[in-house]
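Overview (structure and organization)
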Amino acid sequence: MKFPQDFVFGGATAAYQCEGETRTHGKGKVAWDDFLAAQGRFSGDPASDFYHQYPVDLDLCRKFHIKAIRISIAWSRIFPEGVGRINQEGVDFYHRVFRECHKNGVEPYVTLHHFDTPDTLHKKGDFLNKETVEAFVQYAKFCFEEYKDEVSYWFTFNEVWPVATNQYIEGTFPPGIKYDIPKAILSMHYMMLAHAKAVIAFKEGHYSGKIGVIHSLETKYPYEDNDADREAAKKEDILANQFVLDATFLGEYTDETLTTIKALAALNGGSFDPDAKDLEIMKKAAPLNDYLGMNHYQSHFIKAYDGENDIHHNGTGEKGTNRFRLKGIGERMFKEGIETTDWDWLIYPQGMYDMIMRVKKQYPMYKAIYITENGMGYKDTFDDGFIDDAPRCDYINKHLKALKKAISDGANVKGYFVWSLMDVFSWSNGYNKRYGLFYADFNTQKRYPKCSAYYYKMVIDNRDVIE
Ligand code: BGP
């Protein structure tokens, strides 16, 4: 079996990670601007200067036969204060980008929210505040109408669980709060409500395109084959995966999901009582999703854990420094025989296969899946324009093999996007954690194809992996 002719091979980006020009051209502030400045490690400028380099990047897509790109719109480039006043310069910028995409035969797959709520709304609680839900829906409606002739593939949110956990449990995203599980739960629920409202607005607007949401779905396995570890893996799965999958496909939470979520909220001094009216809206939207975007990088092996919360994020690439232990849930373990990246992400393609098949089985109403991100963070070496990133080629090849197997076992997967198209800025790791098919020299902003770009072109041309 080869990948079908209509299978989409793309490259992924996100506004804040590639555009640069974070405080110019009328763009409103996002929480990241101050958060990163306070950390003093790195900033979202210049990133990969996509704001100016997009013709170069799209020309590279064309040359390397990459026919799709994931782009996100920076909400605060369009609504600098989140709502109300429109910044025409920002609106025009995305028209130029989309036109350039089509000129190069590259289909844009557009995300409305990729970690960058405008600061005005973020300050008021971000998605813990229903005001943000309403503001997001207005922003989404504006984009559907404004770009209806240029965009056919929409995603509301990028990664609902990572937003919640990184903002309120790991503390690596602004506002940098740690171990507040009730806040994480509520923010996921309100993001899913905002997603539902945007999907309904899209369908009621009778736009010809398609719409869905992107979840980061990391497969959770028990560390050892015993009841305690099985329960730990199950709990982490419910919190990180099943909660948002239920919300997406069922528009409500199953008893199993609710029991665990309520117990976790209570254990952490909170509660979770979703409003019945909100659930009605989510239920109405659930069958309207055209596809699921699945970001998949790694899996976790979980051991039962009863100690205190203890998380250390490896944001420097010092292998072996990561710790993730959550009270009453579990501890993520390294596992003998399973390789990791320098940032301690477990390389386990079987996890991608298992997650796709799980969605197919547990949510048979899903219509299609796109792998919207997969790729390997790596400390690339630049040798006079030559970048040998063999481990990345190997990583992508292994995951594409797993994907092929899922397709041949009946899963409807329509496309795959490498994270990232070119090197971009990494939120909590900065500029030395590179993912691109194209090397970005962040000083000159010149691009250089890595070995993986040539490898990917071969896959696209052959519509097959290296066996
Ligand atoms: C996903 C995000 C991307 C990207 C990627 C790699 O969660 O959607 O924006 O950053 O992960 O993550 P990192 O940059 O932390 O290595």
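Residues numbered from 1 in each chain as written. Predicted model: local features only at pLDDT ≥ 70, side-chain atom pairs only at ≥ 80, totals over all residues. Heavy atoms only, no water.

Note the threshold: UniProt positions are given in the numbering used here, feature names are shortened, and annotations may be inferred rather than shown by experiment.
The protein chain has the name beta-glucosidase in an unreviewed UniProt entry, where Kandleria vitulina DSM 20405 is given as its organism. Of the comments in the UniProt record for the protein chain, the one headed Sequence similarities (unreviewed entry) reads "Belongs to the glycosyl hydrolase 1 family."

**A few points about the overall build of the protein chain**
To keep it simple, the criterion reads: Here a strand is any run of E in DSSP of at least two residues, a helix any run of H or I of at least four, and the numbering for each starts at the N terminus. C-alpha atoms define the radius of gyration in this analysis, and the globule rule sets the expected value at 2.2 Å times the number of residues to the power 0.38. To sort residues, take the accessible area from a 1.4 Å probe on protein chains only and compare it with the maximum for the residue type: under 20% means buried, over 50% means exposed, and anything in between is partly exposed. By definition, residues are in contact when any of their heavy atoms lie within 4.5 Å. For every accessible area listed, the method is Shrake-Rupley and the probe measures 1.4 Å; residues are considered covered only by the protein chains on display. Under the convention used here, Asp and Glu are negative, Lys and Arg are positive, and both His and the chain ends fall outside the count. In plain terms, the charge of a residue is placed at NZ if it is Lys, CZ if Arg, CG if Asp and CD if Glu.
Counting secondary structure elements, the protein chain contains 15 helices and 15 strands. In terms of overall size, the protein chain behaves like a compact globule, its C-alpha atoms giving a radius of gyration of 21 Å where 467 residues would be expected to give roughly 23 Å. C-alpha atoms of the protein chain, sized along the principal axes, occupy 55 × 50 × 45 Å. Relative to its full complement of 467 residues, the protein chain shows a buried share of 63%. Expressed as a percentage of contacts within the protein chain between residues at least 6 apart in sequence, the contacts between residues at least 24 apart total 76%. As displayed, the protein chain offers around 16,900 Å² of accessible surface, 50% of which is attributable to carbon and sulfur atoms. Across the protein chain, 57 positive and 67 negative side-chain charges occur, with their mean positions spaced 2 Å apart.

**Some points on helix α11 (residues 255-267)**
Note the threshold: The span you would expect from a helix comes to 1.5 Å times its residue count less one.
For α11, with 13 residues, the first-to-last C-alpha span of 18 Å sits near the 18 Å given by 1.5 Å per residue. Here the buried face of α11 lies against α9 (181-204) and α10 (227-249). Positive phi shows up at Gly269, right after α11, with a value of about 75 degrees.

**Things to note about the sheet that holds strand β8 (residues 300-303)**
Quick note on the threshold: The pairing criterion for strands is at least two bridges between them, as found by DSSP. To get an axis, a line is fitted to the C-alpha atoms, and for a helix only the part in contact is used. The angle between two axes follows their N-to-C directions and goes from 0 to 180 degrees.
Pairing is mixed across the open sheet formed by 5 strands, whose spatial order is β6-β8-β11-β10-β9. Both edges of this open sheet fall to β6 (220-222) and β9 (310-312), since each of them pairs with a single strand only. Recorded for the sheet is a direction-independent mean angle of 30 degrees between the axes of neighbouring strands.

**Notes on the site of the ligand**
What counts is decided by this rule: Nearness is defined per residue: one heavy atom within 4 Å of the molecule or strand is enough. Counted as a polar contact is a pair of N or O atoms within 3.5 Å, where, for protein atoms, one must be capable of donating a hydrogen and the other of accepting one, and residues adjacent in sequence contribute only when both atoms are in side chains. For this classification, the nonpolar set comprises Ala, Val, Leu, Ile, Met, Phe, Trp, Tyr, Cys and Pro, the charged set comprises Asp, Glu, Lys and Arg, and every other residue, Gly included, is treated as polar.
Taken together, 15 residues lie near the ligand, and Gln17, Glu159, Ser426, Lys433 and Tyr435 sit nearest. Glu159 is positioned such that a nitrogen or oxygen atom in its side chain is 2.5 Å from an oxygen atom of the ligand. Burial of the ligand by the protein chains amounts to 91% of its free accessible area of 370 Å². Within the shell around the ligand, the residues separate by chemical class into 6 nonpolar, 6 polar and 3 charged.

**Some details on the sheet that holds strand β7 (residues 291-295)**
Strands sit in the order β1-β2-β3-β4-β5-β7-β12-β13 around a closed barrel of 8 strands; the barrel is parallel. Between one strand axis and the next, the sheet turns through 25 degrees on average, direction left out of account. Sheet topology note: the strand β5 (residues 210-216)/β7 ladder contains 5 bridges and is parallel. Along β7, the bridge assignment pairs His215 with Met294.

**Comments concerning the pattern of salt bridges**
The criterion, for reference: By convention in these notes, a salt bridge is any Lys or Arg side-chain nitrogen within 4 Å of a carboxyl oxygen on Asp or Glu.
Applying the stated criterion across every chain, the model contains 44 salt bridges. Notably, a salt bridge pairs Glu100 with Lys103, separated by 3.3 Å at the nearest N-O pair. Here Glu100 pairs with Lys103, and both are found in helix α5 (residues 88-103), just 3 residues apart, close to one helical turn. For Glu100, a relative accessible area of 15% puts it in the buried group. The partner of Lys220 in a salt bridge is Glu218, and the shortest N-O contact between them spans 3.8 Å. Comparing Lys220 with Glu218 shows no difference in burial state: the two are buried. Linked by salt bridges that have partners in common, Asp380, Asp389, Arg392, Asp423, Arg434 and Lys450 make up one network.

**Remarks on the packing of helix α8 (residues 160-168) against α9**
The condition that has to hold: Angles below 35 degrees are treated as roughly parallel, those above 145 as roughly antiparallel, those between 65 and 115 as roughly perpendicular, and all remaining angles as oblique. In this scheme the handedness of a crossing depends on how the near helix is turned from the far one: anticlockwise by less than a right angle means left-handed, clockwise means right-handed.
Close contact between α8 and α9 brings their axes to 9 Å; oriented N to C, the two are set at 150 degrees. Viewed along their axes, α8 and α9 adopt a mutual orientation that is roughly antiparallel. Remark: the crossing between α8 and α9 carries right-handed chirality. Between α8, through Val160, Trp161, Val163, Ala164 and Tyr168, and α9, the contact on the second element is made entirely by Lys183, Ala184, Ser187, Met188, Met191 and Met192. Of the residues belonging to the contact of α8 with α9, the class tally is 9 nonpolar, 1 polar and 1 charged.

**Description of the UniProt feature "active site" (unreviewed entry) in the protein chain**
Mapped onto the present numbering, the UniProt feature "active site" (unreviewed entry) falls at Glu373. Checked against the element boundaries, Glu373 lands in strand β12 (residues 369-374). Glu373 gets classed as buried once you look at its relative accessible area, which sits at 4%. Among the polar contacts made by the side chain of Glu373, one reaches the side chain of Arg70 at a distance of 2.9 Å.

**Some points on the nonpolar core**
Proteins that are soluble and globular tend to have nonpolar side chains buried together. Worth spelling out the cut-off: Among the buried residues, those of types Ala, Val, Leu, Ile, Met, Phe, Trp, Tyr and Cys that are joined through side-chain atoms within 4.5 Å form a nonpolar core.
Formed by 151 residues in total, the largest nonpolar core has its most connected members in Trp154 and Leu403. With 14 residues, α9 is the largest single contributor of residues to this core. Discounting residues that sit within four places of it in the chain, Leu403 has contacts with Phe3, Phe7, Met352, Ile356, Ile371, Val413 and Tyr416.

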